[in-house]
Amino acid sequence: MAKKMKADSRAKICPGDMSHSSLEVEKPEAGFPIIGIGASAGGLEALELFLKNVPEDSGMAFIIVQHLAPTRKDMMVELLQRVTTLQVIQVVERTVVKPGCIYIIPPNKDMTIFHGMLHLFEPAEPRGLRLPIDYFFRSMADDRQDKSIGVILSGMGTDGTLGLGAIKEKGGIVFVQDPSSAKYDSMPKSAIEEGLADVIATVEEMPLKIASYLRHKPYIGGSEQALTDKIQSSIEKVMILLRSKTGHDFSLYKKNTVLRRLERRMGIHQIDNTTTYVRLLQENPQELELLYKELLIGVTNFFRDPKAWEQLKTEAFPELLTGGKMQALRAWVPGCATGEEAYTLAIVFKEMVELIKPAQDPQLQIFATDISQEAIGKAREAIYPANISADISPERLEQFFVQVDNGYQVAKPIREMVIFAQQSIIMDPPFTKLDILSCRNLLIYLTQELQKKIIPLFHYSLNPGGYLLLGNAETVGNYTNLFGPLPGKSRLYRRLEPTMQSEPIEFPLPHVTKQPLPSKPAENMQSLVDKLILKLYAPATVLVNKQGDILYISGRTGSFLEPAAGKANWNIFAMIREGLGYALNSAFQNAVRENETVTVKNAVVKTNGDTKTVNITVQPLDEPESLRRFALIIFTEVTMPHKSKVKNKAGHDAASSGRVAELEEELQQAYQQLKLFREEMQAFQEKNSATNEELQSTNEELQSTNEELTTSKEEMQSLNEELQTVNHELQTKIDELSQANNDMKNLLESTEIATLFLDNTLQVRRFTAKTAKIFKLIPGDVGRLITDIVTKLDYPELEEDAREVLRTLNSKERSISATGESWFTVKIMPYRTYEDKIDGLVITFMDITISKKLEAELRQTQAELEKRMVKKDLDLNKAEKRLQAEIHKKD
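None of the values given here were measured: they were computed from a predicted structure. (Residues numbered from 1 in each chain as written. Predicted model: local features only at pLDDT ≥ 70, side-chain atom pairs only at ≥ 80, totals over all residues. Heavy atoms only, no water.)

### Some details on the overall build of the protein chain
Across its full length, the protein chain holds 23 helices and 30 strands. In the protein chain, which comprises 891 residues, the share counted as buried stands at 41%. Across the protein chain, contacts joining residues at least 24 apart in sequence account for 65% of those joining residues at least 6 apart. Within the structure as shown, the protein chain displays about 50900 Å² of accessible surface, and the carbon and sulfur contribution to it stands at 52%. (Helix = DSSP H or I, 4+ residues; strand = E, 2+ residues; numbered from the N terminus. Buried < 20%, exposed > 50% of the residue type's maximum accessible area, 1.4 Å probe, protein only. Contact = heavy atoms within 4.5 Å. Areas by Shrake-Rupley, 256 points an atom, 1.4 Å probe, with all protein chains shown as cover.)

### Some points on unusual backbone geometry
At Arg94, a position not held by glycine, the phi torsion is positive, near 65 degrees. Tracing the backbone through its elements, the reader meets Arg94 in the loop between strand 3 (87-90) and strand 4 (95-96). Its identity as a non-glycine residue notwithstanding, Phe303 has a phi of 50 degrees, on the positive side. Topologically, Phe303 is positioned in the loop between helix 11 (285-296) and helix 12 (306-321). Taking the relative accessible area as the measure of exposure, Phe303 reaches 7% and is therefore buried.

### Examining the sheet that holds strand 30 (residues 838-847)
Spatially, the five strands line up as an open sheet ordered 27-26-30-29-28, and their pairing is antiparallel. Of all strands in the sheet, those bounded by a partner on one side alone are strand 27 (764-767) and strand 28 (812-818). Between one strand and the next, the sheet's axes are offset by a mean angle of 25 degrees, whatever the strand orientation. Note that strand 26 (residues 754-758) and strand 27 share three bridges and pair antiparallel. Its bridge partner being in strand 27, Leu758 is matched across the sheet by Val764. (Pairing = 2+ DSSP bridges. Axes fitted to C-alpha atoms, helices over the stretch in contact; angles between N-to-C directions.)

### Topic: the packing of aromatic side chains
This model, assessed by the stated rule, comprises 15 aromatic pairs. Their ring planes at 5 degrees and their centres at 4.9 Å tell us that Phe560 and Phe635 sit as a pair that is stacked. Of the two residues, Phe560 sits in the loop between strand 22 (550-554) and helix 19 (572-575) while Phe635 sits in strand 25 (residues 630-638), which places them 75 residues apart along the sequence. Judged by its relative accessible area of 1%, Phe560 is buried. Geometrically, the ring pair formed by Phe775 and Phe845 is edge-to-face, given 5.6 Å between the ring centres and 65 degrees between the ring planes. You can see Phe775 sitting in the loop between strand 27 and helix 22 (798-808) and its partner Phe845 sitting in strand 30, a full 70 residues away along the chain. (Phe/Tyr/Trp six-rings, centres within 6.5 Å; stacked < 30°, edge-to-face > 60°.)

### Some thoughts on empty space enclosed by the protein
Summed over the entire model, instances satisfying the criterion amount to two cavities of 30 Å³ or more. If you trace the largest cavity, you find 31 residues lining it, with Leu296, Gly335, Cys336, Asp370 and Leu442 closest to the centre. Tallied by class, residues from the lining of the largest cavity come to 16 nonpolar, nine polar and six charged. (1 Å grid on protein atoms, 1.4 Å probe; cavity = no way out; pocket = protein on both sides within 12 Å on 5 of 7 lines; lining within 4 Å. Points joined across faces, edges and corners; volume = space filled by probe spheres on them. Nonpolar A, V, L, I, M, F, W, Y, C, P; charged D, E, K, R; others polar.)

### Remarks on the pairing of strand 22
The side chains of a regular strand alternate between both faces of the sheet. Of the pairings in the sheet, the one linking strand 21 (residues 540-545) to strand 22 comprises four bridges and is antiparallel in character. Across the sheet, the residue bridging to Leu543 is Tyr552, located in strand 22. What sits between strand 21 and strand 22 in their antiparallel hairpin is a turn of four residues, with Gly548 showing a positive phi close to 90 degrees.

### A look at the pairing of strand 7 (residues 117-121)
With four of five residues buried, strand 7 lies mostly within the body of the structure. Bridge analysis of strand 4 against strand 7 gives two bridges, and the strand direction is antiparallel. Looking across to strand 7, one finds that Val96 is bridged to Met117. Bridge count between strand 6 (residues 110-114) and strand 7: five bridges; the pairing is antiparallel. Its bridge partner lying in strand 7, Thr112 is registered against His119. Taking the residues that link successive antiparallel strands as the turn, the strand 6-strand 7 hairpin has two residues, and the phi of His115 there is positive, at about 55 degrees.

### Here we look at the confidence of the model for the protein chain
Residue-level pLDDT values for the protein chain average 79, and 80% of them are 70 or greater. Here residues 1-13 scores under 50 on pLDDT; set against residues more than four positions off or in separate chains, the count is 17 contacts. Here residues 15-25 scores under 50 on pLDDT; set against residues more than four positions off or in separate chains, the count is 17 contacts. (pLDDT = per-residue confidence, 0-100.)

This is the structure in structure tokens:
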């Protein structure tokens, strides 16, 4: 009973446990890291090692997606709780994610995360085809964006690879277990071979590497105005190094995209400032190459957004193929990455040609380009991992791909339709006279100014009536006079003829509307005066995040802040001057916790041997949206009343009293701070004591559970062997049935006897090819009454005879005439199953036209012979009578 009470109290430790009923839904917190972990076979051991090495005060939340048996009780919570002091919870619907907790997916469920809350879904795919890790990782990428952190541990198959691709596309980071340390290395190897792993480590090292990445992840800035001159200079140097290395100018990419990629790479190397990272790029060409690949964002897959390809197939291609064009169709796929999009276009074209079967043999020439030579090389190889089967149907895999050792290779006829080349859409001239242009998920990474140049370029490249296919997040903007959308939500447009003369297209695209990244706008008089007023009269102000890291400084703060000795530390609590530490810390904690402005008045700060009185205001920011995570700290100097110095005993006593009051205030502050520390220490000791007791209790329970698991494991192994045996038996039966079907089909087709199978209601079940010459049958007539089918037989009694055979179970045979002077022997027999049950009729039709004709000819010959015999008999009678008459005369 005591154990149960401890376990119950333990379940309430983590505020994220939503298994109990509540009148109010708890709101998700924000600002803490959420780690998604995927594991399969061998994952339990890897998870135990991982969680053993997670720091207790990490402040992270872990969401584990493990392949679980759908029909058996799950014991993952109990198993993992024994190795960690963090609370382990099995997810229920609408579980709120909280820091310091571990969440386990329940069996037979798919899981998503939405605004920090976990939701459960019934799996849509049948057992054996489910990819729960991919399902969750894709959801996390959409919800967490560039804050997504994905981890892949031991497992069989490739589940998780597609989800990691989504995380990388959103700017998240991926940690993968070293395959050499994994019990089953298929899942880690799949992620590494796809180039998705940012960090490869053993499970023991991984928690500390994640914590180190989060601790050192920099924040460069959210806008050009927020960037200091030093940071701007460093970013420009990065752009220069990239241009020198690759020949491509990434200053035309969206600034936020570039900055987030820089932050990711700096976080991986635990670099806090851009100057140090520039030096790393200069000294390490390999890092420059990795940054280049990071900026390319070459994550794609086959048949991305199937509805868009279906619309292209059913609406665009038929129009192009029936338009009477004699030359081959031309298509261009800029930003093709590793070729999936280009090959998808080729496959869709082939399917459409096979469907409509035009009189001529149409051809489609696809030009696929990318600035990455490495990506072009992979595209030309056209070899892709086995997990592409998640995006491609089995029919397409069989028709358009060839299975190879490493997965699948695109079939040669499809490969020959595509020409790959290295090309920059910005610097190089475009392909022209195109019928189709597919540019999906490229424009969203370019600046608005550059997009306004590229859309007219696409219009210039397309033939009149040509089609433009964009990604779901892309549009033609204000160029509705150049492109008209097709019905539906897909971004499929048709080229229009503009009513006004358009501006000439220039190559390469001009940069006149885009200054080199980053840029400073020209300042007018108003902005200069505003800056002067802020400098002279505004109080010293500091912008910090919720951890106290300084992001921006306005005004003169030297009286209140000074750099700390040792390694540079831009945290305000490390830089605050003597005398303000306690007041600022208390005000900051209260303001962040209560989300309201807090002011400390008449705080005394020592500076340069003197003292100043200052009011400190901490104001959390709610708007604008981009500053909601930050707070303003405002230092306002206070002028105290001037006291004249009096050279007498009273004056001396007054000065002494002032010094005593100052010392008493400092002593009171020290006392309050010590009291706060003691309360925190006491709470920590009580919590630690309770946790130890719970762990001891849990350890006893898990020891017995371990014995049960060992037995369950043996039962599972036995069950697996049984399933393999049953599967083999079923496969053998399927092969036998297939062979029997083939034998039956060949037997029926090889005989000259037309055969018709009917059910007990006289509906058509099956028929041979020769039967279709007697009855006007087509495959679609299966299930129709035989009496509704037109026949050439003169057999109105067919239904009556058929029902009589069903009633009496005696066969019936007739010779029936048909149109065209043909005859058939019709035999109606009961259809008997192996269980000797009557399940319909079998009717055979044997063509006896030739024998009927021979019979008729034989009868005609017999009649003529009989006629001749009668005539001869008459002649003989007459001769006999004449002879008798002559004899009588002689007598």
